[in-house]
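# Structure assessment
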Amino acid sequence: MESKRRRSAKARVPSDPNAWQQIRENYEAIILEDHAFSEQHNIEYALWQLHYKRIEEFRAYFSAALSSTNANSSQGGKGPARPDRITKIRLQFKTFLSEATGFYHDLITKIRAKYGLPLGYFEDSEKDGKKSAEMKKGLVACHRCLIYLGDLARYKGMYGEGDSINREFTAASSYYLQAASLWPSSGNPHHQVFGSPA
């Protein structure tokens, strides 16, 4: 299914949304059912890449619409200006980002249930020096999900408007800081918090 999706993208043919959804569900099932296979084949990263490719598509559509509108306005209004197109793309993009955020929140809940991480365990995890190997697997998976949630919030901020921009960047920082506190030895969330928003 992933190969077929890649071929469609290469041919610039819109991908089948049902196939995209099925791939995502398959990745989620693998993550929850077979940790060793998931780690061996980087399934969590492949799942993120599935989302990230859609993000890149939306960013390209948004940039093209913006360029088209700017080109039309710089030519003295020749041709139809399409601010409505920009608004429509921004709304679709924000809807996708919100849905993906919900997906990752649900995935964290499922991971916590699978590995026996009770609510509040994130905050108490540093005090428990004797984490079981199973719990560590769950913590690492939740750590990665929090980074992806931070990235999603960052994109919402980059393409947001008004007050939502600061709100989303604050949310992104919060996700990255949670990830850093959950798994302090990983430098990735520290880079995201202090790195560039692009």
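Above this text you will find the structure in question.
The residue numbers shown here count from 1 along each chain, following its written sequence. Side-chain atom pairs in this predicted model are given and counted only at pLDDT of 80 or more, local residue features only at pLDDT of at least 70, and totals for whole chains, interfaces and linings cover all residues. The side-chain figures draw on all heavy atoms in the structure; neither hydrogens nor water molecules are used.

### Observations concerning the overall build of the protein chain
Of regular secondary structure, the protein chain possesses 9 helices and 0 strands. Helix numbering and strand numbering both begin at the N terminus, where a helix is a DSSP run of H or I of at least 4 residues and a strand a DSSP run of E of at least 2. Helices and strands in the protein chain line up, N terminus first, as α-α-α-α-α-α-α-α-α. For every residue, the accessible area (1.4 Å probe, protein chains only) is compared with the maximum for its type, and the residue is labelled buried under 20%, exposed over 50%, or partly exposed between those bounds. The buried share of the protein chain, reckoned over its 198 residues, is 39%. Contacts are assigned to residue pairs with any non-hydrogen atoms lying within 4.5 Å of each other. Here the contacts in the protein chain between residues at least 6 apart in sequence split such that 62% fall between residues at least 24 apart.

### Brief notes about the pattern of salt bridges
Salt bridges, as used here, are contacts in which a Lys or Arg side-chain nitrogen is within 4 Å of a carboxyl oxygen on Asp or Glu. This structure, assessed with the given rule, holds 8 salt bridges. In this structure, the salt-bridge partner of Arg 144 is Glu 39, at a minimum N-O distance of 2.7 Å. Separated by 105 residues along the polypeptide, Arg 144 in helix α7 (residues 133-158) and Glu 39 in helix α3 (residues 35-40) bring together distant segments of the chain. We classify Glu 39 as partly exposed; its relative accessible area is 31%. The salt bridge involving Glu 56 is made with Arg 59; its shortest N-O contact spans 3.2 Å. With Glu 56 and Arg 59 both in helix α4 (residues 43-74), this residue pair falls 3 residues apart, about one helical turn. The class of Arg 59 is buried, set by a relative accessible area of 19%. One network of salt bridges, with partners in common, ties together Glu 39, Glu 44 and Arg 144.

### Examining the packing of aromatic side chains
Any pair of Phe, Tyr and Trp rings, taking the six-membered ring for Trp, is counted once the centres come within 6.5 Å. Such a pair is stacked with planes under 30 degrees apart, edge-to-face with planes over 60 apart, and tilted for the rest. Counted under the stated rule, the structure contains 12 aromatic pairs. Ring geometry for Phe 58 and Phe 96: centres 5.8 Å apart, planes at 35°, overall tilted. Taken as a pair, Phe 58 in helix α4 and Phe 96 in helix α5 (residues 83-115) lie far apart in primary sequence, 38 residues in all. Pair check on accessibility: Phe 58 and Phe 96 agree, each one buried. Pairing Tyr 104 with Tyr 148 gives two aromatic rings, centres 5.5 Å apart and planes at 55°, and the pair type is tilted.

### Some details on the packing of helix α2 (residues 17-33) against α5
Only the stretch in contact is used when a helix axis is fitted, and all axes are lines through C-alpha atoms; the angle between N-to-C directions ranges over 0 to 180 degrees. The geometry of α2 relative to α5 is characterised by a closest axis approach of 11 Å and an angle of 20° between their N-to-C directions. It follows from the interaxial angle that α2 and α5 lie roughly parallel. α5 is crossed by α2, and the crossing has right-handed handedness. In contact with Trp 20, Arg 24, Glu 28 and Leu 32 of α2, α5 contributes Phe 96, Glu 99, Ala 100, Phe 103, Leu 107, Lys 110, Ile 111 and Lys 114. Reported orientations rely on four angle classes, namely roughly parallel under 35 degrees, roughly antiparallel over 145, roughly perpendicular from 65 to 115, and oblique for the rest. Take the far helix as your reference; a near helix turned counterclockwise from it by less than a right angle gives a left-handed crossing, and one turned clockwise gives a right-handed crossing.

### Quick word on the packing of α7 against helix α8 (residues 163-182)
In contact at an axis separation of 8 Å, α7 and α8 are set at 165° when each is read in the N-to-C sense. On the basis of their axis angle, the class for α7 and α8 is roughly antiparallel. In this structure, the crossing between α7 and α8 has a hand that is left-handed. In the scheme used here, Gly and all other residues not listed as nonpolar or charged are polar, with Ala, Val, Leu, Ile, Met, Phe, Trp, Tyr, Cys and Pro taken as nonpolar and Asp, Glu, Lys and Arg as charged. For the contact of α7 with α8, the residue count by class is 15 nonpolar, 4 polar and 4 charged.

### Thoughts on unusual backbone geometry
Positive phi, normally seen in glycine, also occurs at Asn 42, with a value near 50°. Relative to the helices and strands, Asn 42 is located in the loop between α3 and α4.

### Digging into α8
Here α8 spans 29 Å end to end across 20 residues, near enough to the 28 Å set by a 1.5 Å rise per residue. Looking at α8, one finds that the buried residues are Ser 164, Glu 168, Ala 172, Tyr 175, Tyr 176, Ala 179, Ala 180 and Leu 182. By this rule the span expected of a helix is its residue count minus one, scaled by 1.5 Å.

### A short note on the environment of Asn 26
With respect to the helices and strands, Asn 26 occurs in helix α2. C-alpha separation for the pair Asn 26 and Ile 43, spaced 17 residues apart in sequence, amounts to 9.8 Å.

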